[in-house]
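# Close look at the chain arrangement
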Amino acid sequence: SALINVMVRAAEKAAKGLVRDFGEVEHLQVSRKGPSDFVSNADLKAERILREELQKARPDFGFLMEESGASKGAEAGTRWIVDPLDGTTNFLHGLPHWAISIGLEKNGEIVAGVVYEPVHDQMFWAEKGAGAFLNHQRLRVSERRNLADSVIATGIPFKGRGDHAGFLGEAEAMMKEVAGIRRFGAASLDLAYVAAGRFDGYWERGLSPWDAAAGVLLVTEAGGFVGEIGGGRNPVFGGSILAANSHLHLPLAKILRSAAEGRKAPAPAGDAKA
Ligand code: IPD
Ligand code: CA
Ligand code: CA
Ligand code: CA
């Protein structure tokens, strides 16, 4: 559609600068937003290009962007939700796994999404009701039903952020059941890979709307299921995500719940040290 074209063109334009910067990461200016939460001038430049391109094409839409925050447009309830560079840590280490993520929100609902991975020229896109695609190919989530055959992606909280012990409990419960766990470092691509049937599922806590907006639509349009880890229905704004094909969603939710219950359970009587 015309809308997807706007998003694709904006992503391609911002990607040109990012690919150039990726070739000489040692020259970037890097600062910290938290103890290990980095941002560089490459993130900021990509965000500026995306804002300009999207604004030119749809002057009335608002924005929610990782580096510059929220701004209202003339058309109330319609805004772009943008992560100009998802996977900054990978990018700054020369690891070729990062993406641009653009979602379009209308009245609280994500209606279009683009996740572009420039290094391998993979353009993932979805429009509500029209399906999910990689370049021109239709996407479907995997059909695996057996946990023991499944590869599940996750995200580990950065230093100084999130509950590391809680994460390890979940990961331990998960690794007892599934074939393998991956931490690739770009949430938007984790979701795109679930949509493409590469990962059978994905869970992460502590995400922001720009990490999730486009990817969540990719998964649902590819026939998958996405919710919050605790069962809530708002994975874009709720801060946690569990995405999977529809066979595995409930079994994965149970594993994560059992990990949480295991941590809350009081120590058995007689266990206290005298
Ligand atoms: C991060 C990545 C990472 C996830 C973090 C995000 P950024 O985004 O998506 O995979 O684990 O929670 O903050 O900061 O590289 O855009
Ligand atoms: Ca960031
Ligand atoms: Ca991100
Ligand atoms: Ca980012």
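Residues numbered from 1 in each chain as written. Chains lettered and ligands numbered in written order. Predicted model: local features only at pLDDT ≥ 70, side-chain atom pairs only at ≥ 80, totals over all residues.

Turning to helix 7 (residues 249-264), a few remarks are in order. Helix length check: helix 7, at 16 residues, gives a terminal C-alpha distance of 23 Å against a target of 22 Å (1.5 Å per residue), a fit within 8%. What helix 7 keeps buried is the set Leu252, Ala253 and Ile255. Along the long axis of helix 7, the arc covered by the buried residues comes to 160°, so they all point the same way. Opposite the buried face of helix 7, by more than 90 degrees, sit the exposed residues Leu250, Lys254, Glu261, Gly262 and Lys264. Among the structural elements, helix 4 (164-175), strand 13 (201-205) and strand 15 (240-244) are those in contact with the buried residues of helix 7. (Helix = DSSP H or I, 4+ residues; strand = E, 2+ residues; numbered from the N terminus. Expected span 1.5 Å × (residues − 1). Buried ≥ 20, exposed ≤ 12 C-beta atoms within 10 Å, placed from the backbone. Arc of directions from axis to C-beta. Contact = placed C-beta atoms within 7 Å.)

Once that is clear, we can look at the confidence of the model for the protein chain. In this model, the protein chain carries an average pLDDT of 95, and 96% of its residues clear a pLDDT of 70 or more. Per-element averaging of pLDDT across the protein chain places helix 7 at the bottom with 92 and helix 5 (residues 187-195) at the top with 99. As scored by the predictor, the complex reaches a pTM of 0.95 and an ipTM of 0.98. (pLDDT = per-residue confidence, 0-100.)

Here Ala222 shows up in the loop between helix 6 (209-221) and strand 14 (225-227). Spatially, the C-alpha atoms of Ala222 and Gln122 are 16 Å apart, while their sequence positions differ by 100 residues. Excluding residues within four positions of it along the chain, Ala222 makes contact with Ala132, Leu139, Arg140, Val141 and Ala195.

Viewed as axis vectors pointing N to C, helix 5 and helix 6 meet at an angle of 0°, and their least axial separation amounts to 8 Å. Judged by the angle between their axes, helix 5 and helix 6 are roughly parallel. Contacts between helix 5 and helix 6 pair Ala187, Ser188, Leu191, Ala192, Val194 and Ala195 from the former with Asp211, Ala212, Ala214, Gly215, Val216, Leu218 and Val219 from the latter. Considering only residue class, the contact of helix 5 with helix 6 consists of 10 nonpolar, two polar and one charged. (Axes fitted to C-alpha atoms, helices over the stretch in contact; angles between N-to-C directions. Parallel < 35°, antiparallel > 145°, perpendicular 65-115°, else oblique. Nonpolar A, V, L, I, M, F, W, Y, C, P; charged D, E, K, R; others polar.)

Below, the discussion takes up the pairing of strand 11 (residues 151-154). Note that strand 11 and strand 12 (residues 180-182) share three bridges and pair parallel. Looking at the pairing, Val151 lines up with Gly180 of strand 12. Read as a crossover between parallel neighbours, the route from strand 11 over helix 4 to strand 12 is right-handed. (Pairing = 2+ DSSP bridges. Right-handed = clockwise from strand over helix to strand, strands pointing away.)

Let's shift gears to the environment of Asp83. Examined against the element boundaries, Asp83 turns out to sit in strand 5 (residues 78-86). In the structure, Asp83 is positioned 74 residues away from Pro157 in sequence and 18 Å away in space, judged by C-alpha atoms. Every residue in contact with Asp83, bar those within four places of it in the chain, is listed here: Glu66, Ser101, Ser188, Trp210 and Asp211.

Looking now at the site of ligand 1. If you check the shell around ligand 1, you find 13 residues, and the closest are Asp86, Thr88, Gly155, Gly185 and Ala187. Breaking the shell around ligand 1 down by element, the ones donating at least two residues are strand 5 and helix 3 (88-92). A class-by-class count of the residues in the shell around ligand 1 yields three nonpolar, six polar and four charged. Here the shell around ligand 1 spans two domains, and each of domain 1 (2-138) and domain 2 (147-264) adds at least three residues to it. (Near = placed C-beta within 6 Å. Domains from an automatic or database assignment.)

The element strand 7 (residues 109-117) is largely enclosed, with a buried count of seven among its nine residues. Pairing of strand 6 (residues 99-106) with strand 7, which is carried by seven bridges, proceeds in the antiparallel orientation. Paired with Ser101 across the strands is Val115, a residue of strand 7. The hairpin formed by strand 6 and strand 7 contains two residues between the paired strands, and Asn107 there has a positive phi angle of roughly 50°. The antiparallel pairing of strand 7 with strand 8 (residues 122-127) creates a hairpin that spans four residues between the two strands, and Asp121 there sits at a positive phi of about 45°.

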